[in-house]
Amino acid sequence: MFHEGKIPEFSTSYWRESTDVPSFSPLKENIDVDVAVIGGGIAGVTTAYLLTLEGKSVALLEADKLFDGTTSHTTAKMTTQHGLIYDKMIGYVGEAEAALYYEGNNEALKFLQHTITSQNISCDYTVEDAYVYATTDTYVKKVEKEYEAYKKLGIEGEHLTSLPIDLGEKAAVMIPDQGQFHPLKYLVHLVKEMTAKGAQIFETTQAVDIKEGKTQTVVTKEGHSVNCKDVACCTHFPFYDGKGFYFSRMYASRSYVLGITSEKPYPGGMYLSAEPSSDSLRYTTVDNQKLLLVGGQEHTTGRSEETLKHYEAIYSFAHNSVGVKECLYRWSAQDLISLDETPYIGRISENSPHVYVATGFRKWGMTHGTLSGMMIRDAILEKEKRYASFFTPSRFRPNPSVKNLVTQNMEVAAELTKGKLDFTRGNAYNLKKDEGAVVSVNGKRAGAYRDREGCLHLVDTTCTHMGCEVEWNSGERTWDCPCHGSRFSYDGEVVEGPAQKPLASLEDEDSEK
C-alpha cells in the first residue's frame, strides 16, 4: 500500500510535544479552600481560572499530569458549528431550546477569542471559516436542512456548492469568523495567571470520592482530603457519580488524527465531512509551514477489530485530497456522547446542590469545556444564565433520549454476552514483539502483549467497571471496553474511566504453552 511504513509507529500528540507544560507536586496534606476542581483539562482549568478571578480560593486536582487527557488529543477547533446539529436539535426540542445551545456555545467562542486577543496570548490563534460539506445526495439534503436551521435560529452562515479546497463536495454550509488555536499554549497561560493569583494545583493526585454535607470533602487515593464549599468534577468521565448514573447516559467514541505536510497548497479554513467517515481538516503553523491535522474515522470505543485501519483510511483521504508530503504525527482521542448529544453541565444531581459536573462534550471540547467553566462559575456565584437549564444534567428529553437509552443499553448487553461467550484459544507465546491479542490462560480468556524488549504482559480481560470483556487496541496499545469506554494500558493500568481499578495481572507461567 502507498502509505505502508509512512505512518508513525507510535502515537504522539503535536500539542503535547510542542508545549512546555509546568509541573506541580502532589497533595501531601489536608487543605481547606472555597472550591475544589477535579480534572486538569480545558474544562477544569477554565473553571479554576474563572473562579480565581472572582476571588475564590481554588485547588485543582489532577490524577496524572495537566492536559494529558482529551485536551491534548483534540483537533482544537473553536466553533459553534458542531456538525449537522441544529436541524436535529430543532426536531428534538424546538427552535427556542435549540437557540439556547447556540447561545451558550457562541458565548464560549467569544470568550475564547476575547481572552486570547485582549491578553495577547501566543497560542497560534487564527480566525477561520468553518465548513460542513456533503459528497453524496443523501447528505446534500441534510446540509440544506442545516442551512434552513441556521436561518431559523439567526445563525450567520452561507449555503455553498463548492469549497476553497476540492474535497469532492456537492454542497456545504459555512459559518464565518470561527477560530483555531494551540490549546495547550492557551491553557498554560491561564495556569500561570491563576497560580499567580493564588490558585493551587496538585498533580498525580487522584480524587476517589466526595463526601457531601454542609461542607464537601474530596478524598484522594493517598488518603488526604480537600474541604470546600463547592466541588467541580471536570474529569472527562465523572469519577464521582452522585447517583446520576452517567455510565448509562453516555457512550464513548474514538476518533483519529494524522499530522501531515501536504503536497498541494492549503487555502485555510476548517472542514468537516457530514458523511459517516467524519473526515476533518484544519492546519496549524509550525516553523513557518502548515502542519495539516487530518482526522475522522469515529467509532464506539472497543468495537473496532483493527484500529490501525482507521489511521490508514485517514492517510488515504489525505493522499487523495491534499497529497501527503510527510506524515509526522498520529494520535487518537476519546469523547463522551450523551443521550441527546448535549453536554451535561451543572449540578451533578438534583440532591447535590454543591457538586457540579461537566461531561459529554461529544467532539467539541474547546467550546463545551470553556462553556462549562463559565456555567459552573455562574452557578457558584448564583448568577446562572438562561441557557443553564438546557444543559442541566437533571434534564430528560424523551426524544431522542428514550430511544438512545434503549439502544445503548441493548448494545451493552450484547457486548457483555458476546465477551463471555468468546472462546478464544490463541497462544500468548506465539505473539511477536509489540503485538497484543486475546489469548487463553488455563482455559480462560486473557489479554497478552509482548513488548519491544520481548517481555510478555498478561492481564485478566474482565473490565473492573461492570464486568464486560475488553478488546485489544493495536493502534494505541491499550485494552478498551466496548460497554462503557474504559481503557487500560497494556499492563492493565487505568487510562480512561469509568473504571477506577486496574485489570488483574496474570503470571506468565500460567499461560498455556
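Remember, predicted model here, so these are calculated numbers, not experimental data.

Peer 1: Before we move on, could you go through the overall build of the protein chain and cite the residues and values that matter?
Peer 2: Tallying secondary structure elements over the protein chain gives ten helices and 27 strands in all. For 513 residues, the compact-globule estimate of 2.2 N^0.38 gives 24 Å, and the C-alpha radius of gyration of the protein chain, at 23 Å, lies within 12% of that figure. Projecting the C-alpha coordinates of the protein chain onto the three principal axes gives extents of approximately 65 × 60 × 50 Å. Across the 513 residues that make up the protein chain, the buried fraction comes to 58%. Taking as baseline every contact in the protein chain between residues at least 6 positions apart, the subset at least 24 positions apart corresponds to 71%. Carbon and sulfur atoms make up 47% of the accessible area of the protein chain, which amounts to about 21,100 Å² in all. Positive and negative side-chain charges in the protein chain, numbering 54 and 71 respectively, have mean positions lying 2 Å apart.

Peer 1: Requested: an account of the side chain of Thr342, with residues and values cited.
Peer 2: Its place among the elements puts Thr342 in the loop between β17 (324-338) and β18 (344-347). Dropping the residues within four chain positions of it, Thr342 is found in contact with Met89, Tyr101, Gly360, Phe390, Phe391, Arg395 and Arg397.

Peer 1: I'd like a rundown of the pairing of strand β13 (residues 250-262), residues and numbers included.
Peer 2: Extensive coverage of β13 is indicated by the burial of twelve of its 13 residues. With 13 bridges connecting them, β13 and β17 associate as antiparallel partners. Across the sheet, Leu258 pairs through a bridge with Arg330, a residue of β17. Pairing geometry for β13 and strand β16 (residues 289-300), over seven bridges, is antiparallel. Bridging from a neighbouring strand, Tyr256 pairs with Gly296 of β16.

Peer 1: Just give me the short version of the pattern of salt bridges, but keep the residues and values in it.
Peer 2: Two side chains bearing opposite charge may form a pair once their charged atoms approach each other closely. Overall, the coordinates contain 19 salt bridges when judged by the stated rule. Arg386 serves as the salt-bridge partner of Glu103, at 2.7 Å between the closest nitrogen and oxygen. Here Arg386 lies in the loop between α8 (365-380) and α9 (388-391) and Glu103 lies in helix α4 (residues 95-118), a separation of 283 residues in the sequence. Look at Arg386 and you get exposed, because its relative accessible area is 61%. Put simply, Lys88, Glu341 and Arg362 are held in one network by salt bridges that share partners.

Peer 1: Any details on the sheet that holds strand β22 (residues 456-460)? Residues and values, ideally.
Peer 2: The four strands lie next to each other as β20-β21-β22-β27, forming an open sheet whose pairing is antiparallel. The open sheet terminates on both sides in strands that have one partner only, identified here as β20 (435-441) and β27 (505-506). Two elements, β22 and β27, share two bridges in a ladder whose sense is antiparallel. Considered in β27, the bridge of Val459 is made with Ser505.

Peer 1: So what's going on with the packing of helix α3 (residues 86-93) against helix α5 (residues 137-153)? Residues and values would help.
Peer 2: Here α3 crosses α5 at 65 degrees, and the two axes come no closer than 7 Å. Overall, the two elements α3 and α5 adopt an arrangement that is roughly perpendicular. Where α3 abuts α5, its residues Tyr86, Asp87 and Ile90 lie against Lys145, Glu146, Ala149, Tyr150, Lys152 and Leu153. Split into classes, the residues belonging to the contact of α3 with α5 amount to five nonpolar, no polar and four charged.

Peer 1: Residue-level account of the sheet that holds strand β11 (residues 225-228), with values.
Peer 2: Spatial strand order, β1-β11-β10-β9: four strands in an open sheet with mixed pairing. The outermost strands of the open sheet, each flanked by one partner alone, are β1 (31-32) and β9 (207-211). Pairing analysis gives four bridges linking β9 to strand β10 (residues 216-220), with the strands arranged antiparallel. The residue bridging Ile210 from the neighbouring strand is Val218, located in β10.

Peer 1: How would you explain unusual backbone geometry if you had to name every residue and give the values?
Peer 2: Backbone torsion omega between Gly497 and Pro498 reads 20 degrees, so that peptide bond is classified as cis. By the secondary structure assignment, Pro498 is in the loop between β26 (494-496) and β27. The backbone phi angle of Asn120 is positive, close to 55 degrees, even though this residue is not glycine. The residue Asn120 is located in the loop between α4 and β5 (126-134) in this model. Residue classification places Asn120 among the exposed residues on the basis of a relative accessible area of 68%. The phi dihedral of Lys243 is positive, around 60 degrees, even though this residue is not glycine. Structurally, Lys243 is set in the loop between β12 (230-233) and β13. Taking the relative accessible area as the measure of exposure, Lys243 reaches 75% and is therefore exposed.

Peer 1: Describe the state of the cysteines, and please don't skip the residues or the numbers.
Peer 2: For the structure on display, the rule yields one disulfide. Cys228 takes part in no disulfide bond, and the closest cysteine sulfur to it belongs to Cys233, at a distance of 12 Å. For Cys228, a relative accessible area of 2% translates into the label buried. Overall, the relative accessible area of 1% leaves Cys233 in the buried class.

Peer 1: Please give an account of the packing of aromatic side chains that cites residues and values.
Peer 2: Inspection of every chain in the model, using the stated rule, returns 19 aromatic pairs. The aromatic ring of Tyr344 is capped on one face by Arg249, whose charged end is 4.4 Å from the ring centroid. The ring of Tyr311 has Arg330 sitting right over it, with the charged end atom 4.8 Å from the ring centre.

Peer 1: Please set out the nonpolar core residue by residue, giving values where relevant.
Peer 2: Ranked by internal contacts, the top residues of the largest apolar core, which has 81 residues, are Val37, Leu60, Phe67, Tyr86, Phe181, Tyr186 and Phe391. In terms of residue count, α4 provides more of this core than any other element does, nine residues in total. Beyond its immediate sequence surroundings of up to four residues, Phe391 is in contact with Leu100, Tyr101, Asn105, Thr342, Pro343, Tyr344, Ile345, Leu371 and Met375. In terms of nonpolar packing, the next biggest core, distinct from the first, is built from 27 residues, Ile210, Val231, Leu336 and Ile348 among them.

Peer 1: An account of the environment of Gly467 is needed here, citing residue identities and associated values.
Peer 2: By the secondary structure assignment, Gly467 is in the loop between β22 and β23 (471-473). Residue classification places Gly467 among the buried residues on the basis of a relative accessible area of 15%. Between the C-alpha atoms of Gly467 and Ser122, which are 345 residues apart in sequence, the distance is 46 Å.

Reading the values: the criteria
Residues numbered from 1 in each chain as written. Predicted model: local features only at pLDDT ≥ 70, side-chain atom pairs only at ≥ 80, totals over all residues. Heavy atoms only, no water. Helix = DSSP H or I, 4+ residues; strand = E, 2+ residues; numbered from the N terminus. Rg over C-alpha atoms; globule rule 2.2 N^0.38 Å. Buried < 20%, exposed > 50% of the residue type's maximum accessible area, 1.4 Å probe, protein only. Contact = heavy atoms within 4.5 Å. Areas by Shrake-Rupley, 256 points an atom, 1.4 Å probe, with all protein chains shown as cover. Lys, Arg positive; Asp, Glu negative; His and termini not counted. Charge placed at Lys NZ, Arg CZ, Asp CG, Glu CD. Pairing = 2+ DSSP bridges. Salt bridge = Lys/Arg side-chain N within 4 Å of Asp/Glu carboxyl O. Axes fitted to C-alpha atoms, helices over the stretch in contact; angles between N-to-C directions. Parallel < 35°, antiparallel > 145°, perpendicular 65-115°, else oblique. Nonpolar A, V, L, I, M, F, W, Y, C, P; charged D, E, K, R; others polar. Disulfide = S-S within 2.5 Å. Phe/Tyr/Trp six-rings, centres within 6.5 Å; stacked < 30°, edge-to-face > 60°. Lys NZ or Arg CZ within 6 Å of the ring centre and 35° of its normal. Core = buried A, V, L, I, M, F, W, Y, C linked by side-chain atoms within 4.5 Å.

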